[in-house]
Structures are given as structure tokens and as C-alpha cells.
Amino acid sequence: MSFIEENVAALRARIRAAAERHGRDPNEIRLLAVSKTKPADDIEEAHRRGLHEFGENYLQEAEGKIATLTRRNLQPTPVWHFIGPIQSNKTRLISRDFDWVHSVDRLKIARRLGEQRPPGRPPLNILLQVNIDEEPQKAGISADAVEEMAHQLRDLSGIRLRGLMAIPAPRQGFEAQRQPLAAMRRIFDSLRADCPDCDTLSMGMSGDLEAAVAEGSTLLRIGTALFGARPAKPSPETDA
Ligand SMILES: *Cc1c(COP(=O)(O)O)cnc(C)c1O
């Protein structure tokens, strides 16, 4: 078994165990392979092992890998998620080359992504990033702003709001990790009351996957536990 193949098996087992413990159906929990800093060959190997959705943080790096993998014509076609900070001069490429964007925290960015979505493509799937621990250096809107922002996004064409994303401050231990994730779940539940398309709660990484499953995550973003450690972080904002 390859390193990645073993990791996929171990992750599937972790997700299954956590789902069982918390009365959830493991098939309702998507596994997003966070492939930032990792080469196209690693992505292809993960794809071969049954993972078809990939998350990237850095546009320039992602563009090269998306082009390479598009040429390799993998089946099923990989689904690309942009999960990093968005500069407004990068929205055109993001809207052209990705299927999902998790890190929307400004109306202006959402509007540009929608306007720049190429004709003929389905609407770009959008998640609002919530700064759940209200960390000053971190991206995301405050919990209080979710309802209003969701309302504003409703009328934009080219995008479709699908839910929320969060990167809580790191904590040790299940109970401590659970707190911000439980807060996210409450915000998500109230958003869903007037957003029928909102079916996605993106939370949980390598270190807090179990707590995220316990609190209703529908999409785990996993890097390290799948592809191994990454080189030292380029910025505290984008790398956890
Ligand atoms: C890097 C990253 C991840 C993956 O984190 P791991 O701890 O390596 O699993 C998830 N989400 C975002 C937004 C990231 O930047």
C-alpha cells in the first residue's frame, strides 16, 4: 500500500468510527483532500484511492496543478475547492477554474466571482467563512453578520450559496475543540431556515475531525493526515 492509500484507509476508519459514535451516516460526510504544497502526482494517487474533491489555498500553485491534472483527464473529473484568502484581482481565475469557494467574506468578492463565472458553467458554489473565534488576524465575517450577508448573496447571479466554513483557533482535546464547532452548527441551522440550498458545513481538519463530525460537519478539509506534513507555513492566516 502506498503512503496515501494507507492514509485514506485510516481516515475513512476515523470518520466511520466518529460517525457511529455520534449517530451520523458516514456517507453524509464528504472528505475534501487539501492538497496545498503537494504535487500533482499526490493528487492523482488520492484520486485513484477514491477521493475526488481537492482543496487549494494558493491560486498560482493551484493553477499549475489543475492544468496538469486536466491534461491527464482523470475520471471522475476532480472537483476543485478554493479555500485560501481571496485577493480581488484573482477572482476571475478562481471563478473560471474552481467549482467551490469556501473563503468568501466580502460582498464585493462574491459579486465579482458571480459576474466573472464563465457563461455555460453552473453557478459557483459559495461558502461564507465565519471567524468563529473572532481572531483579529483571521479572515471571515462575524457570526452576527451571516444572516445579512446570506440575504445579500441571494440576488447575485453566477453563484449559489451552499453554506458556511470555519477555521477555529487550535485547541487541545475533544471537548475544547467542540465548542466553536457547536457554535458553527447553531449558526448553520439558523441559516438553513431561509436558505434551502444551504447543505454544506465545512469544518474539521486533521486535528479536530472527530469533534467536527460530532458537531454536524458535512465536509472535512484534510491535509496532513492524508498527504503528510507540509513545509513551514508561508503565513499564519492560510495554514493551520
Ligand atoms: C491547510 C488547511 C486545511 C488542512 O489542514 P490539516 O491540518 O493539514 O488537515 C484545512 N482547511 C484550510 C482552510 C487550510 O488552509
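Quick note: structure is the one above.
Everything in this summary refers to the structure shown in the same document. Remember, it's a predicted structure, so these values are computed and weren't measured experimentally. (Residues numbered from 1 in each chain as written. Predicted model: local features only at pLDDT ≥ 70, side-chain atom pairs only at ≥ 80, totals over all residues. Heavy atoms only, no water.)

### Describing unusual backbone geometry
A cis amide bond links glutamine 75 with the next residue in sequence, proline 76, at an omega value of -5°. By the secondary structure assignment, proline 76 is in the loop between helix H3 (59-72) and strand E3 (79-82). Of note in the backbone geometry, threonine 37 takes a positive phi value of approximately 70° without being a glycine. Within the fold, threonine 37 resides in the loop between strand E1 (30-34) and helix H2 (40-48). Given the relative accessible area of 31%, threonine 37 is considered partly exposed. Despite not being glycine, asparagine 73 has its phi angle at roughly 55°, a positive value. (Helix = DSSP H or I, 4+ residues; strand = E, 2+ residues; numbered from the N terminus. Buried < 20%, exposed > 50% of the residue type's maximum accessible area, 1.4 Å probe, protein only.)

### Observations concerning the environment of phenylalanine 227
Its location among the elements puts phenylalanine 227 in helix H9 (residues 224-227). Taking the C-alpha atoms as reference points, phenylalanine 227 and leucine 128, separated by 99 residues in sequence, lie 26 Å from one another.

### Describing the state of the cysteines
Under the defined criterion, the tally for this structure stands at 1 disulfide. Cysteine 195 shares a disulfide with cysteine 198; S-S distance 2.2 Å. Residues cysteine 195 and cysteine 198 share a disulfide whose torsion about the S-S bond is about 70°; that sign makes it right-handed. We note that cysteine 195, like cysteine 198, is buried. (Disulfide = S-S within 2.5 Å.)

### A short note on the pairing of strand E2 (residues 53-56)
Of the two faces of E2, both are covered, the one formed by Glu53 and Gly55 as well as the one formed by Phe54 and Glu56. Across 2 bridges, E1 lies against E2 in parallel orientation. The partner of alanine 33 across the bridge, within E2, is phenylalanine 54. The pairing of E2 with E3 spans 4 bridges and is classified as parallel. Bridge assignment links glutamate 56 to a residue of E3, and that residue is phenylalanine 82. Traced from E2 through H3 to E3, the parallel crossover comes out right-handed. (Pairing = 2+ DSSP bridges. Right-handed = clockwise from strand over helix to strand, strands pointing away.)

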